[in-house]
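What follows is each chain in one-letter form.
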Amino acid sequence: MVEAPDVYIVPNFISEGYFTAKVIPRELELTGPITIKNQQTLKYCDPVGNDPRMTDLLLHRAAEVVGDAPPHDTSLVIVAHGTGLNENSAVAAKRQVEAIRDRGIYPEVVAAFMEEPPEISEWANLTTQTYVVVVPFFISDGLHSYQDIPVLLGIQSGNSAPASQQDVFRHNPYELRNRKLYYAGAIGTDPMMADIILDTVDRFDQQHD
Amino acid sequence: MIEQLLQECLRSGPINLGELVVREVEPGRFLIRHWKDDESQQKLVVETNAIAVLEIVRYDEQGNYRALKGAPNLRTGWELRLKSVPEVRQAIDYFYPGAFSTWLAFNRGEITPVDLRQTLTRQTGMYRVTQRLTGFQAEDLAGRFCQSRSCCLRTILWTIDGKAPEKYLPRSKFDPQADQLEEQRGELSKDGGAGTPPYRVPFLCVEACNLFVAEARKIVKVHSK
């Protein structure tokens, strides 16, 4: 399918983890960052989620959804997948939490996960502010962001209609557990992702020349 | 190379791949339609950019997400007008990812179908259990999950334990020259659909897909309870 002599493989993944470390190399038969096969050089880049601009994207999404809520009364929850299969999966989200905390915009910034603690369903215990903004650290809007996470947050019941038939993002804020909860779309749908993919390729060349 | 071959194919007449009919109407003007729309007089929505395909392929007529792009449920009612072979190639790849290139590789003798055992043996994580799928279960699953009428239009080249899974599938399912839409076409031609058939590009399956593996997992899970 790809005939060029040099092939860059950019995982459109939000973090390093089980898929980037194990499944992709296995399925593409990669032997390391550079694999030479059938006269082609395959260059395996970092996942796009490692790009430094991810922090800006998360903050941008949060600001977009929260509207007039005062930032100094707002907790920001970065929700990510997390998995028991690879300890690196949650690391990227935790790194983002640190970076956002350092900017001092929100008094409280925490991470919560689908498949490892602290869990998303605990959001009310993990936060203390009146306003709570939840931003999914995900590449695309799909089953997790449309359905699974809303159920875990309690803004939707478990047996709701499939993703294409509803819009969970239009009903903000949700009044829940004495808080005002704002739920944002996945950050990977931002148009800036195209630039981030190209920059990921550039970074690969800088690191491997 | 891929584009060169595509150009040569289209120069000699319309081609059919899966549910698509692709033709060069005049030099540098290309048309892609659903085969059911190809001879109908219905008004079609005209698209002029290959990227529009991503929306066409996303949902079926009933609004369900099309997880399997090889399924015979591509919606009708659109027409794609393109101006270059690279755009046509891009569009075909959006409809049927990798299908045209796979055919090219097949022609060059560079295709090595992967036996189902090999596919299942290399699974890890939650799919590791699929290694326990029995030969009988695998045949049964292929018969239900890969059949051309309502599930997938690809021609199966892979094997189960070295043999084609032909217990519940017709011989034509393994023949790259066969028309996987034959049954559906037969029904339509009763209403008058006819004409010179376009050149049929084999639509090949060289390895059981992820959806097959996911189904295999469900079967093993149910039987282990």
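Predicted, not measured: the structure shown is a model, and the values here were computed from it.

**Student:** Before we move on, could you go through the interface of chain B and chain A and cite the residues and values that matter?
**Tutor:** Across the boundary between the two partners, chain B contributes ten residues, which contact seven residues of chain A. Among the residues making up the side of chain B that touches chain A, the classes are represented as four nonpolar, five polar and one charged.

**Student:** Describe in detail the nonpolar core, supporting the description with residues and values.
**Tutor:** All names here are of chain A. Counting residues in each nonpolar core, the largest one holds 48 residues, and the members touching the most others are Ile78, Val133, Val134, Val135 and Phe137. Among the elements of the structure, α1 (18-28), α2 (54-66), β4 (74-80), α3 (91-103), β5 (108-113), β6 (131-136), α5 (143-153) and β8 (179-183) are those that each provide at least two residues to this core. Here this core spans two domains, since at least three of its residues come from each of domain 1 (6-49 + 192-208) and domain 2 (54-189). Ignoring any residue separated from it by four or fewer positions in sequence, one finds valine 135 in contact with Leu58, Arg61, Ala62, Leu76, Ile78, Ala184 and Ile187.

**Student:** Could you give an account of the domain arrangement of chain B, with specific residues and numbers?
**Tutor:** Residues and elements named next belong to chain B. Split into domains, chain B comes out as domain 1 (2-107) and domain 2 (116-224). Distance between the C-alpha centres of domain 1 and domain 2: 22 Å. At the junction of the two partners, domain 1 supplies 21 residues and domain 2 supplies 20 residues. Listing elements by their share of the side of domain 1 that touches domain 2, those giving two or more residues are β1 (15-17) and α4 (99-107). Here the side of domain 1 that touches domain 2 gets five residues from one element, more than from any other, and that element is α4. For the side of domain 1 that touches domain 2, the per-class residue count stands at 14 nonpolar, five polar and two charged.

**Student:** Explain the domain arrangement of chain A to me, and be specific about the residues and the numbers.
**Tutor:** Residues and elements named next belong to chain A. Partitioning chain A into domains gives domain 1 (6-49 + 192-208) and domain 2 (54-189). Look at where the C-alpha atoms of domain 1 and domain 2 centre, and you get two points 27 Å apart. Contacts between the two partners involve eleven residues from domain 1, matched on the other side by 14 residues from domain 2. Tallied by class, residues from the side of domain 1 that touches domain 2 come to six nonpolar, four polar and one charged.

**Student:** An account of unusual backbone geometry is needed here, citing residue identities and associated values.
**Tutor:** Residue and element names in this part refer to chain A. That bond from proline 117 to proline 118 is cis: its omega, -5°, falls within 30 degrees of zero. Inspection of the secondary structure puts proline 118 in the loop between β5 and α4 (123-126). Note the cis peptide between asparagine 172 and proline 173, where omega equals -10°. Looking at where proline 173 falls in the secondary structure, it is placed in the loop between α5 and β7 (174-176). Backbone geometry places glutamine 39, a non-glycine residue, at a positive phi of 65°. Summarising the element assignment, glutamine 39 is placed in the loop between β2 (34-37) and β3 (40-44).

**Student:** Quick rundown of the sheet that holds β2 of chain A? Include the residues and the values.
**Tutor:** Working definition: the strands of a sheet are paired by backbone hydrogen bonds and lie parallel or antiparallel to each other. Residues and elements named next belong to chain A. The sheet built from three strands is open, its strands ordered β1-β3-β2 with mixed pairing. Edge positions in the open sheet fall to β1 (6-9) and β2, since each of these has one partner strand only. Across the sheet, the mean angle from the axis of one strand to that of its neighbour is 20°, orientation sign disregarded. Two elements, β2 and β3, share four bridges in a ladder whose sense is antiparallel.

**Student:** Could you give an account of helix α6 (residues 135-145) of chain B, naming the residues involved and the relevant values?
**Tutor:** Residue and element names in this part refer to chain B. Where α6 is concerned, the buried positions are Ala138, Glu139, Leu141 and Ala142. Take α6 and look down its axis: the buried residues cluster within an arc of 165°, on one side only. The inward-facing, buried residues of α6 abut α5 (116-121) and α8 (210-224).

About the thresholds
- Residues numbered from 1 in each chain as written.
- Chains lettered and ligands numbered in written order.
- Predicted model: local features only at pLDDT ≥ 70, side-chain atom pairs only at ≥ 80, totals over all residues.
- Contact = placed C-beta atoms within 7 Å.
- Nonpolar A, V, L, I, M, F, W, Y, C, P; charged D, E, K, R; others polar.
- Core = buried A, V, L, I, M, F, W, Y, C linked by C-beta atoms within 7 Å.
- Buried ≥ 20, exposed ≤ 12 C-beta atoms within 10 Å, placed from the backbone.
- Helix = DSSP H or I, 4+ residues; strand = E, 2+ residues; numbered from the N terminus.
- Domains from an automatic or database assignment.
- Pairing = 2+ DSSP bridges.
- Axes fitted to C-alpha atoms, helices over the stretch in contact; angles between N-to-C directions.
- Arc of directions from axis to C-beta.

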